[in-house]
Amino acid sequence: MLDQVVLIAGVTVLGVLEQAYFSLQVIYARRKYSVSPPSTSGPPGFDRVFRAQANCSEYFPIFITILWVSGLFFSQGLSALCGLLYLYGRYLYFRGYAKSAHGRLAPLYFSAKVLWVLIGFSTLGILGSVCWFYLDLDLTQLASSVLGLTEEGGGSYKG
Ligand SMILES: CCCCC/C=C\C\C=C/C=C/C=C/[C@@H]1O[C@H]1CCCC(=O)O
Ligand SMILES: N[C@@H](CCC(=O)N[C@@H](CS)C(=O)NCC(=O)O)C(=O)O
């Protein structure tokens, strides 16, 4: 059973490490620009690093939940691959935002697209599972016969 989630678990731990890295960058920026808590604003250079970490944190729960749903119900390998792309996109986002406000945009568009792909995988995966568990309908089989990948016509029913 664990072999079905180990790649997703690995991407999750990598994501947690990335979040830790972003937090450390805010700590360093606080020292560099002398912005002490509870203050959350300072020179633009500080504000951008602060917001970069905050933005990545806002999206992190969305990313992790959808990564696991997609990995469990659609495909572990494809989901883990998307997860790696998302984390790389977020790294570029953080670096781009730290340099300039405009620098955040291209990586943000990229990571948002990857999130939408994971949301699409999750939707398909859940739809397929609901059809299988409650309607005895195998959507994978149905799709491959519609696409002409198998000889058998129509949907296949279990039991
Ligand atoms: C849960 C799925 C992801 C949902 C997030 C959806 C979209 C996020 C992706 C790209 C958004 C880019 C928004 C850029 C805003 O135009 C920038 C605001 C500029 C305003 C200004 O500088 O005057
Ligand atoms: N909390 C975000 C929600 C929307 C969002 O993710 N916006 C993107 C594109 S404008 C962003 O990079 N926001 C910059 C930020 O959160 O500091 C915001 O305040 O902007």
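Residues numbered from 1 in each chain as written. Chains lettered and ligands numbered in written order. Predicted model: local features only at pLDDT ≥ 70, side-chain atom pairs only at ≥ 80, totals over all residues. Heavy atoms only, no water.

**Q** So what about the site of ligand 1? Which residues, and what values?
**A** As a matter of local geometry, ligand 1 sits amid Tyr59, Leu105, Leu108, Tyr109, Ala112 and Trp116. Expressed as a share of its isolated accessible area of 640 Å², the protein-covered part of ligand 1 is 44%. Per element, the largest residue contribution to the shell around ligand 1 is 5 residues, and it comes from helix H4 (residues 105-135). Partitioned by chemical class, the residues of the shell around ligand 1 number 6 nonpolar, no polar and no charged. (Near = heavy atom within 4 Å. Areas by Shrake-Rupley, 256 points an atom, 1.4 Å probe, with all protein chains shown as cover. Helix = DSSP H or I, 4+ residues; strand = E, 2+ residues; numbered from the N terminus. Nonpolar A, V, L, I, M, F, W, Y, C, P; charged D, E, K, R; others polar.)

**Q** Report on empty space enclosed by the protein, specifying residues and quantitative values.
**A** Scanning the model with the defined rule gives 1 cavity of 30 Å³ or more in all. Each pocket or cavity is described by its volume, and for the largest cavity that value is around 30 Å³. As for the largest cavity, its lining consists of Glu18, Gln19, Cys56, Tyr59, Phe60, Tyr86, Leu87 and Arg90. Sorting the residues of the lining of the largest cavity by element identifies helix H1 (6-33), helix H2 (44-73) and helix H3 (76-99) as the ones contributing at least two each. Its residues assigned to classes, the lining of the largest cavity shows 5 nonpolar, 1 polar and 2 charged. (1 Å grid on protein atoms, 1.4 Å probe; cavity = no way out; pocket = protein on both sides within 12 Å on 5 of 7 lines; lining within 4 Å. Points joined across faces, edges and corners; volume = space filled by probe spheres on them.)

**Q** Please provide a residue-by-residue account of the site of ligand 2, values included.
**A** Every residue near ligand 2 is listed here: Arg51, Asn55, Glu58, Tyr59, Tyr93, Tyr97, Arg104 and Leu108. One of the side-chain N or O atoms of Asn55 is found 2.8 Å from an oxygen atom in ligand 2. Side-chain polar atom of Glu58 to a nitrogen atom of ligand 2: 2.7 Å apart, as the coordinates give it. Burial of ligand 2 by the surrounding chains reaches 59%, relative to a free accessible area of 440 Å². At the level of elements, H2 and H3 are the ones that each hand at least two residues to the shell around ligand 2. In terms of residue count, the dominant contributor to the shell around ligand 2 is H2 (4 residues). Tallied by class, residues from the shell around ligand 2 come to 4 nonpolar, 1 polar and 3 charged. (Polar contact = N/O pair within 3.5 Å; in protein donor to acceptor, adjacent residues only side chain to side chain.)

**Q** How would you explain the nonpolar core if you had to name every residue and give the values?
**A** If you look at the biggest cluster of nonpolar residues, it comprises 15 residues, and the most contacted ones within it are Val11, Phe63, Tyr86 and Leu118. Listed by contribution, the elements that provide at least two residues to this core are H1, H2, H3 and H4. No other element matches the 5 residues that H2 contributes to this core. If you look at the next biggest cluster of nonpolar residues, it comprises 12 residues, including Phe22, Tyr93, Phe94 and Tyr97. (Core = buried A, V, L, I, M, F, W, Y, C linked by side-chain atoms within 4.5 Å. Buried < 20%, exposed > 50% of the residue type's maximum accessible area, 1.4 Å probe, protein only.)

**Q** For the layout of surface pockets, give the residues involved together with the corresponding values.
**A** Considered as a void within the structure, the largest pocket measures approximately 250 Å³ in volume. For the largest pocket, the full set of lining residues is Phe73, Phe74, Leu124, Gly125, Leu127, Gly128, Ser129, Trp132, Asp138, Leu139 and Thr140. Elements represented by at least two residues in the lining of the largest pocket include exactly H4 and helix H5 (139-146). The dominant element in the lining of the largest pocket, judged by the number of residues it contributes, is H4, at 6 residues. The residue inventory of the lining of the largest pocket, partitioned by class, reads 6 nonpolar, 4 polar and 1 charged.

Shape is all these values report; function is a separate question.
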